[in-house]
Amino acid sequence: MRVVASVQAKRGSSRGLVHYIAHSKLDAEREPENVRELFNAFADSMSVTSSNNSMRIGIAKGRPSNDELHHLVLSFRPDDYRKLGKGEKQRGHCLKEVTREAMKRLKTALSADRLSWAAALHLNTNNPHVHIALQKQYFTTDLERETLTKIPREALPHFEVRGREKVLIPGILIEAATEKMDHLIDRNLQQTQAREKDPISRESISALQIVSERERDNKARQKLTDERDTLRRGIIAEYELRRIESRITALTDHGDKMRFLVSDSVSGRKGRFSLRDLEQGGTGAEPDAMTSPERQIRTILLKMLGKEEAEKERIQSNARDTIREADRVRSRYRKMGRKLPVPSFTKDELDKLQEYCMDAADIRRSSYLEGVRSELERSREIEPRSRDDLRRIAAQKTISDLTIKRLEKDRYEFDDRRYYRPVDAGDRHVSLAQLDREERDPRNPIRSLFENLKNMASRSSEKERDSTQITDSDRLRNSIVRALDEQKTGIEKELKAERNKTKVIEKILKADPEKTAEEPLYSTEQLADIDALSLRLKQSPVYEKNWDKQRTLIESATSNSPAARKLLRSSAEASLSDHKTNIIAGRALAREIVAKAEFKRAKDGLKTFTESKRFHKFAIADKDTGSVEFVCLHDVDLPSRGSLLDRALDEIFEGKQHRSLRRTVTSLVKDKEQGLKQEVAAAKDIMASASQNASEFKQFSFFGLASETSYQPIFTSSEIRLLESRAANTRDLKEAARLRAVLESASDQPARSLKQILRDFENPEMIPAREKEHIPATLEKASPAETPAFNDPTREPQERRGPGNQGHSR
């Protein structure tokens, strides 16, 4: 027999029979590199997914299991295979027709309305053969469901007795395949003979075929190019919308925490306040009336929100069709089960998109864009990352490492201060500690009597009442606990995202270690981030090194820098060198003042804890129930009064659980005290470093007892908030007065972020090319004044954040 038909035993990878047929034992020389082309009765070039989908029964969600399918093989002689055509493409097409004819004949024999199957041509042996996966279930022509438990005897080679002799019957499959193959071989032979008799016709046909194939290829290439560009424009438009929506969400959800410079119409004084500050009486105004600062802040917020909404509407109007086209392309490829083509981004667009994803902690999309970059670099459509690009990524790694440490510190401080941390619960801003004080407060017996009478009346008014009645105090406590849990979850989520971000950056840097051996290349924004993070973490070496970089940046400014152009507009005779000296001196003096305030704050924190450590409550989780209780050392410590014998007996008869709890709380007290001492030491190192840097711009008296300076401190907006908070919270009246005097002297300065100050001294050649070229506006990184809540709205952006301060500033 020229064709062999057989049924294979159940076989297939863990991913299914169809996957096995498409991927098993690929011959690199004669077959496709990654996967064979699947086909069925109606379609060619099918994917594994679409083939599995075509054989699913009813509303089944998964692929057909191996038990639901038959595995058939049709094998052919090599010489017959060669006669089917000149090239592999023509021969493969002919074998598809042969397979379809064989399965059509089997369908007729079974009286089936349709058979569901998928097949692939294998050329990995001497005999070309076709593997077929056949769904066992089918509908008859009478639309009755049947199950093909086994392939019929008539379909396969079998013996029949005819005239007392056993005769080998090829079977339906072989007969149909042989007839179709002979027909195709004869047709191919006739065409070959006709072309040999008429060489002119043969050349004309060949030329026409070549032209037709070229046109077809050109159309396919143009279509692919259009689809790639559509995906590129769609992704950029989606990111534009996503970014503007995040800004609107931050404004609507956390606008009350944003601080603005407003003036009081009564006193005429200016200050930076948020709506939250005003609600808590931060300005001393009447709580019931809308004050002038409150009106100003609400007006600013409404204007900002209106501006963002208008921008969103503009982007939606421009990008609606683009996003719809990109969705159509994705849907079409999804239905075909094929991989999406690579969007045709430029290198600058990819850099900006990935930078935005990293800033937004969108690791999944950043990883996708990194894969796109790899494919574009492989195809030489874009240049690989340069040495400076990798140095900038190394700078991102430094920022990410510091951010992880800051979040870990935030988490520790959150757990430590959980009992004392105020949250929004209903219409109140209250902590668990404040709630407990109110419940224990004996100074308001009338209120207590009223609440008792109210509870008694509510219990008697209902016939059936649950024994575990929830009071208003319990509801408020539950609301506080839920709010605290949400905040803790937010910190954990942000920490996890930052760690994932670090892993992505490390993977990028490890891909080319030679280029990443140099010093990281920091932008002005990253220098500002490191300044805030190193101060928050009390990392003196990082703080000192960052100041050296800031100073180098300012000193290297040339006449092409924005600072020089601004200076020239203000006065033609102004000296850029003197201006740079003033800025460096002003920042050095400001850093010294801030470092001293931080050192004193750290000392006060240690002193306060040392005095009240026996009453500081820690959150202790029950290992069995998971519930959290707040316990202090005073609650669990053994009585210190009495004789030595009494104390010894107390310790002997102390329960195991109580002893474990006491030791846990004692350990927490020691750890916290040690941590505060380390923070004081680190703050002292930062203060010493800042003082040394500022001493260059001071003139000391003859005996070195006093110092004077002719330079004015230049504070950033976050530093001003830090000093305002310190002046309001310190117990040292002299320090508070001194800080207020410093703030008063700096009130005539424009409040700018450190990033804005440093940007004035950037030379054009220092700015990456992708920031100078035209990039879609919404992909450009906005300034803090434009996006006050672009990052996680529960905290300030790093370049504008000061320790102990929450909210935003403009």
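Up top you'll find the structure we're talking about.
Since this is a predicted model, take the numbers as computed values, not measurements.

Chemist: When you look at the sheet that holds strand β4 (residues 112–114) in this model, what are you seeing that I'm missing?
Modeler: Backbone hydrogen bonds hold the strands of a sheet together, and the pairing may be parallel or antiparallel. Taken in spatial order, the 3 strands make up an open sheet running β4-β7-β8, and their pairing is antiparallel. In the strand order of this sheet, the two ends are held by β4 and β8 (145–147), each with one partner. The sheet shows a mean angle of 55° between the axes of neighbouring strands, taken without regard to direction. In this sheet, β8 lies alongside strand β7 (residues 137–140) in antiparallel orientation, the contact comprising 3 bridges. Within β8, the residue paired with Phe-139 across the bridge is Arg-145.

Chemist: It is not clear to me how the pairing of strand β5 (residues 117–122) should be interpreted in this structure. Could you clarify?
Modeler: Put simply, side chains in a regular strand alternate between the two faces of the sheet. Among the 6 residues of β5, 6 are classified as buried, and the element is accordingly described as predominantly covered. Where burial is concerned, the two faces of β5 agree: the one with Trp-117, Ala-119 and Leu-121 and the one with Ala-118, Ala-120 and His-122 are both buried. Pairing between strand β2 (residues 38–39) and β5: 2 bridges, direction antiparallel. Bridge pairing in β5 places Leu-38 opposite Ala-120. Sheet topology places β5 next to strand β6 (residues 129–135); 6 bridges connect them, and they run antiparallel. Considered in β6, the bridge of Ala-120 is made with His-131.

Chemist: What is the right way to read the pattern of salt bridges from this model?
Modeler: Where charged atoms from two side chains of opposite charge come close, those side chains can pair. Under the criterion given, the structure shown has 65 salt bridges. Here Asp-635 makes a salt bridge to Lys-617, at a shortest N to O gap of 3.1 Å. A residue pair is termed long-range when its members are at least 10 positions apart, and Asp-635 in helix α19 (residues 633–636) and Lys-617 in the loop between α18 (576–612) and β15 (618–621) qualify at 18 residues. By relative accessible area, Asp-635 is classed as partly exposed at 41%. Bridged by salt links that share partners, the residues Glu-37, Asp-44, Lys-96, Glu-97 and Arg-100 form one connected network.

Procedures and definitions
- Residues numbered from 1 in each chain as written.
- Predicted model: local features only at pLDDT ≥ 70, side-chain atom pairs only at ≥ 80, totals over all residues.
- Heavy atoms only, no water.
- Pairing = 2+ DSSP bridges.
- Helix = DSSP H or I, 4+ residues; strand = E, 2+ residues; numbered from the N terminus.
- Axes fitted to C-alpha atoms, helices over the stretch in contact; angles between N-to-C directions.
- Buried < 20%, exposed > 50% of the residue type's maximum accessible area, 1.4 Å probe, protein only.
- Salt bridge = Lys/Arg side-chain N within 4 Å of Asp/Glu carboxyl O.

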